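Residue-level listing of the chains:
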Amino acid sequence: MIREEIYDVVQPPTSGNCKPGWEYLYTGVSHHCYYFSSNTLSWNSAESWCRSHGARLAVIKSSTESRMLASKAERSHTSHGWWVGATDRKREGHWEWTNGESVTHYTDNWHYGEPSSKYHDEDCMELKQQFGWQWNDETCSTEHLFICKH
Ligand SMILES: [Ca+2]
Ligand SMILES: [Ca+2]
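Conventions used here
Residues numbered from 1 in each chain as written. Chains lettered and ligands numbered in written order. Predicted model: local features only at pLDDT ≥ 70, side-chain atom pairs only at ≥ 80, totals over all residues. Helix = DSSP H or I, 4+ residues; strand = E, 2+ residues; numbered from the N terminus. Buried ≥ 20, exposed ≤ 12 C-beta atoms within 10 Å, placed from the backbone. Arc of directions from axis to C-beta. Contact = placed C-beta atoms within 7 Å.

In the annotation of an unreviewed UniProt entry, the entry for the chain reads C-type lectin domain-containing protein, and the organism field reads Mytilus edulis.

Structure (structure tokens):
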């Protein structure tokens, strides 16, 4: 018996089921809906906003996804940072995604010299324009744009 349905599983859907205002992205291994905000919030408020819409601040799962988000950020023509879903608030220097996974070298996209934890109060991760959209640890109360994902 030929089981063609197996091949269907790996075919990306053409648009997913993203709500209006949310963007469908396929990373090659997984597909998700993303929300690129047009307003700025603190990291906490951004995470709350995402949660209230059934999502979380974006957990970045691969270097491909990292590049896709950087490319989206670049096309937004803004110099604002974009919050994504990692923090080291629980334990300084121990970076975790909001789903509890550690930030590992497989997805590591920190800019050179980051995380710097300047003044020991930089506990939230942003994509930073001045760093070519690589990652920076930033003070969580700063208001930035943000990327939700579900
Ligand atoms: Ca820190
Ligand atoms: Ca920093």
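J.: Explain the environment of glycine 93 to me, please; I cannot follow it from the model alone.
T.: Locating glycine 93 in the fold gives a position in the loop between β4 (82–87) and β5 (96–97). Separated by 22 residues in sequence, glycine 93 and proline 115 place their C-alpha atoms 8.0 Å apart.

J.: Any chance you could explain unusual backbone geometry here in plain terms?
T.: As a rule of thumb, non-glycine residues mostly have phi less than zero, and peptide bonds are mostly trans rather than cis. Residue proline 115 is bonded to the preceding glutamate 114 through a cis peptide linkage, with omega at -5°. Position of proline 115 relative to the elements: it lies in the loop between β5 and β6 (122–128). The phi torsion at histidine 77 lies on the positive side, around 50°, for a residue other than glycine. When you line up the elements, histidine 77 lands in the loop between α3 (63–75) and β4.

J.: Is there a simple way to think about the environment of tyrosine 112 in this case?
T.: In this structure, tyrosine 112 sits in the loop between β5 and β6. Taking the C-alpha atoms as reference points, tyrosine 112 and glutamine 134, separated by 22 residues in sequence, lie 8.9 Å from one another.

J.: Sorry if this is basic, but what is going on with helix α2 (residues 43–52) here?
T.: By the burial criterion, the buried members of α2 are Trp43, Ala46, Glu47 and Cys50. Buried positions in α2, seen along its axis, are confined to an arc of 100° and lie on one side of it. Buried residues along α2 sit against β3 (56–57), β4, β6 and β8 (145–149). Count one or two residues on from α2 and you reach glycine 54, which has phi positive near 70°.

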